[in-house]
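Fold and geometry: a report
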Amino acid sequence: MSHNLKNITLKIWRQDGPQAKGNFETHVIDEITDEASFLEMLDILNDNLVHAGKEAVVFDHDCREGICGTCSLMIDGQAHGPQRGTATCQLHMRQFQDNAVITIEPWRASAFPLIKDLMVDRSAFDRIIESGGYITAETGGAPDANLIPIAKTVADAAMDSAECIGCGACVAACPNGAANLFTAAKVAHLNRLPQGQAERFSRVETMVETMDDYFGSCTNHGECEAACPKEISIDVIALMHKDYRKAKFSNRKDLARK
Amino acid sequence: MSLTDQLLTQNTVQLDSKIPAGPMAEKWTSYKENMKLVNPNNKRKFKVIVVGTGLAGASAAATMAELGYQVDAFTFHDSARRAHSIAAQGGINGAKNYKGDGDSIHRLFYDTVKGGDFRAREANVHRLAENSVDIIDQMVAQGVPFAREYGGLLDNRSFGGAQVSRTFYARGQTGQQLLLGAYQQFSRQVGLGGIRLFNRTELIDIVVIDGHASGIVVRDLVTGELQSHAAHAVVLATGGYGNAFFLSTNAMACNVTAAWRAHRKGALFANPCYTQIHPTCIPQSDDSQSKLTLMSESLRNDGRVWVPTNPNETRPAHEVPENERDYYLERLYPSFGNLAPRDISSRAAKRLVDKGQGVGPKKNGVYLDFADAINRLGRDVVEERYGNLFEMYERIAGENPYEQPMRIYPASHYTMGGLWVDYELMTNIPGLYAAGEANFSDHGANRLGASALMQGLSDGYFVLPYTIGNYLAPMLNKSIPGTDHPEFKAAEEAARLRFNGYLSTGGTKSPDHFHRELGKIIWDYCGMERTKEGLTKALSDLPALYEEFKTDLCVTGNGESMNQTLEKAGRVDDFFQLGMLMCRDALDREESCGGHFRSEYQTEEGEALRDDENYCHVSAYQWGGDPMKPNLNVEKLEFEEVHLATRSYK
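Residues numbered from 1 in each chain as written. Chains lettered and ligands numbered in written order. Predicted model: local features only at pLDDT ≥ 70, side-chain atom pairs only at ≥ 80, totals over all residues.

- As recorded by an unreviewed UniProt entry, chain B carries the name succinate dehydrogenase and is attributed to freshwater metagenome.
- Turning to chain B, the UniProt annotation filed under Catalytic activity (unreviewed entry) states: "a quinone + succinate = fumarate + a quinol".
- In the Subcellular location (unreviewed entry) part of its UniProt record, chain B is described as follows: "Cell membrane". (UniProt positions renumbered as here; feature names shortened; annotations may be inferred.)

1. What to know about the UniProt feature "domain: FAD-dependent oxidoreductase 2 FAD-binding" (unreviewed entry) in chain B
- Summarizing the sequence annotation, UniProt attributes the feature "domain: FAD-dependent oxidoreductase 2 FAD-binding" (unreviewed entry) to residues 48-453 of chain B in the numbering used throughout.
- With 29% helix and 20% strand, residues 48-453 of chain B has its two end C-alpha atoms placed 23 Å apart. (Helix = DSSP H or I, 4+ residues; strand = E, 2+ residues; numbered from the N terminus.)

2. Brief notes about the domain arrangement of chain A
Residue and element names in this part refer to chain A.
- Segmentation of chain A into domains returns domain 1 (5-115) and domain 2 (122-257).
- Each of domain 1 and domain 2 has a C-alpha centre, and the two are 30 Å apart.
- For the side of domain 1 that touches domain 2, the residue count by class is ten nonpolar, eight polar and one charged. (Domains from an automatic or database assignment. Nonpolar A, V, L, I, M, F, W, Y, C, P; charged D, E, K, R; others polar.)

3. Some remarks on the sheet that holds strand β4 (residues 78-79) of chain A
Residue and element names in this part refer to chain A.
- Pairing is mixed across the open sheet formed by five strands, whose spatial order is β2-β1-β5-β3-β4. At either end of the open sheet lies a strand with only one pairing partner, and these are β2 (23-33) and β4.
- Both strand β1 (residues 5-14) and β2 contribute to a ladder of nine bridges, which runs antiparallel. Following the sheet pairing, lysine 11 is matched in β2 by threonine 26.
- The strands touched by helix α1 (residues 38-51) within the sheet are β1 and β2, with β2 carrying the most contacts at an inclination of about 110°. (Pairing = 2+ DSSP bridges. Contact = placed C-beta atoms within 7 Å. Axes fitted to C-alpha atoms, helices over the stretch in contact; angles between N-to-C directions.)

4. Quick look at the nonpolar core
- The biggest cluster of nonpolar side chains holds 247 residues, and the ones touching the most others in it are Val171 of chain A together with Val235, Leu236 and Leu419 of chain B.
- The element contributing the most residues to this core is helix α16 (residues 564-588) of chain B, with twelve residues.
- Residues Leu292, Ala348, Tyr386 and Phe390 of chain B belong to the second largest nonpolar core, which totals 38 residues. (Core = buried A, V, L, I, M, F, W, Y, C linked by C-beta atoms within 7 Å. Buried ≥ 20, exposed ≤ 12 C-beta atoms within 10 Å, placed from the backbone.)

5. A short note on the pairing of strand β17 (residues 406-415) of chain B
Residue and element names in this part refer to chain B.
- In terms of residue burial, β17 counts as a mostly covered element, since ten of its ten residues are buried.
- As defined by bridge partners, strand β13 (residues 275-281) adjoins β17 across five bridges and the pair is classed as antiparallel. Bridge pairing in β17 places threonine 275 opposite threonine 415.
- Taken together, the three bridges between strand β16 (residues 366-369) and β17 define a ladder with antiparallel strand orientation. For valine 366, the partnering residue across the bridge sits in β17 and is isoleucine 408.

6. A closer look at the domain arrangement of chain B
Residue and element names in this part refer to chain B.
- Split into domains, chain B comes out as domain 1 (278-412) and domain 2 (485-617 + 627-636).
- The distance between the C-alpha centroids of domain 1 and domain 2 comes to 31 Å.
- Listed by partner, the interface residues are five residues for domain 1 and four residues for domain 2.
- Top element by residues in the side of domain 1 that touches domain 2 is helix α9 (residues 342-354). It accounts for four residues.
- Per-class residue counts for the side of domain 1 that touches domain 2 are one nonpolar, one polar and three charged.

7. With respect to the sheet that holds strand β1 (residues 9-10) of chain B
All names here are of chain B.
- Taking strand neighbours across the sheet as the criterion, the five strands line up as β1-β21-β20-β12-β18 in an open arrangement whose pairing is mixed. At either margin of the open sheet sits one strand with a lone partner, and together these are β1 and β18 (418-419).
- Here strand β12 (residues 269-270) pairs with β18 via two bridges, running antiparallel. Bridging from a neighbouring strand, alanine 270 pairs with glycine 418 of β18.

8. Here's the deal with the interface of chain A and chain B
- Counting from both sides, the interface comprises 69 residues of chain A and, opposite them, 68 residues of chain B.
- The set of elements that each furnish at least two residues to the side of chain A that touches chain B consists of α1, β6 (114-116), α2 (123-132), α3 (152-162) and α5 (180-192) of chain A.

9. Describing the packing of helix α14 (residues 511-526) of chain B against helix α15 (residues 532-552) of chain B
Residues and elements named next belong to chain B.
- One way to put it is that α14 packs onto α15 with a least axis distance of 9 Å and a crossing angle of 170°. Between α14 and α15, the angle is such that the two are roughly antiparallel. Contact residues: Phe514, Glu517, Leu518, Ile521, Tyr525 and Cys526 in α14; Gly534, Leu535, Lys537, Ala538, Asp541, Leu542, Leu545 and Phe549 in α15.
- Per-class residue counts for the contact of α14 with α15 are ten nonpolar, one polar and three charged. (Parallel < 35°, antiparallel > 145°, perpendicular 65-115°, else oblique.)

See the structure below:
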């Protein structure tokens, strides 16, 4: 294990609120270790700022294990930074060169209005889930868990898309600000499972239409897949479109029987 | 006269655990048959506040909204999907006996009571084991993609402290999948109007009027605005207090504020010294580290824990010959081996590291080696089981665990202590409930693996929705105080003064600085091993540091916009007061049990030595106005089903 110390220059976005004018601020971090995480570097910056009587940089973060999806950050123009399949909180300074100049910005998408500095409001994702991203199974009365065998391949495929952490990198990376990868990941998770069949077509319809209320349209750039910290495949978008088309072009009562 | 005798006033509150009569296995059924009910059409007349949207909070809010109650849910996160339940990796226990290996509700109950070192309330634990079966059914119905075998049935794995396979899992992300399941059910109710969601909103105080919980005061984190909310009942599902140690596996925002503010309003805080140190975390690498990362206990199914026998070993792990390795868990605890419970495994690792046998650049870890498993099962199978954990390890430690063993060390992970609750999960304040990690009741002095998810969901899905009706039924059509009541105004004013106080201290040190210093004291003296001497020192260091916090704190920015430094100041303030109570409780409990290990009380082999004669009780503290002078109340623990015995895993 190396113990290299690096000097880093940060160009970091500051903006007091949604209506305020933003600008880049330059800060220098001396002698950061390879073992430090990217967010620990920001902790050090903030501690220095507070001790100097200045306001700390606001950024979203929580679990620091790459699973809660709270952290964000555009790092040198890439959502979650340069390491593939890695959320910002799991990014470590060994990924950067000594004397690097790193640009840090918030997610930029009209559906994610800025709150302050690097923090944005991603509630539009919750609205999509609220519109249909669930299986209706009220508490109590569930049948035995082993009643319906589910092929391992099906359960595994459902799990692949269920891994989505809802961070919004897909939207931030998309030139159109589309949320198709996020929405399709949930559709694919639930629509692939036997338990999800009863609401399969109503689910995809309401979720897609709620998504369209907030987000841009998908034009198959594939940037979302490249930015996704869970490496969710854009195949799920095709599955969502297929189910949406079926829902729209057929008699829904018929579909429910299939 | 010892320090303890001087300061603890005893039995100021009459504690009634309300355990139903009858045989252990029938208590919960009999409770449900005899509780008061609220007619479905009347449920909408009641408002319930749920604070926290983790497993316990989301499942409770969703279920109560389905029943028809008006639910207001609060989270300080941006979304209800972020709570730290999401980070649980390994699994959830369910006494399904799908493996036909002799599991049963009784056995899960027994394992949990024994695992908790006979310091949990039996009746609560039995109910938990009963509900474990329904939880698995419920979560599968909601589409949680648990791991399956090729035939399509659910797969199970083993966890520490159990000799059967009863743990259901979804890769290494079981907590995530369960929380998303509960979050989706919760979101459905938000969409249907059954739940009003307040995100980025933090609880600042509880309002108690005429002895009943009547509402809460919250702070909108985006605007800094203080708001009051009134309700018929308040549920706190706000998690544990492991971040008192500063370095822990908890998420950065986890804090004790909700429970602590309830405590200051009269709710008893039980067993604060019962904290769990998890044996398999990635060791600290440098001083700027902000948190520790857990590697799931499930890894111990296939990984072997060892250290070199020679403290001066310098060769890389794979060059150390077999006869110079000490597989100490297999040696000391042959029947449980690498799956010995968490407290026992943690202490064993600490002893070897303290003896200088640690590994890694700071010699602060032990090896968790997969070489044998890879040889036996093949790399593919190991990857299938633990792939995402191996990747996570490599990202953090910069080493590939397929090629060299992981380095692990214990870290603060879970807190068994919490708000005192009765069988109905109600605190001693009528109408105030605590669920999940925020309460104290089910894990005794040590929690077994894969039981936290089980308890959160049991409380939220299958306990609270019943027991809360029993409290609300007699309140039908009676008016409750509104937010214009003077008590709400007084609580708002106190909160305003508190936050203005942090902003105007005008000192020189950040809240993070104080949190780090505070954590160091608690870890050193109230961590894996405690002594009378150390705790006494902590109890003199903590108030001194707290004084410094009050006079030398520096919070920049203002109170009218998003200010994470200010949020942190409030949380650290509460951690200071809690820290004193933790040390006070650890000092008072002159025995070793589970996660509470007092060096003075151990067997010749170095195992925990309980004192059932004097300490077979719950210590529940009442706020006395000074964090150094709490009042101690005792709930005696009776064991009818499981006989008190020395806990042995040999």
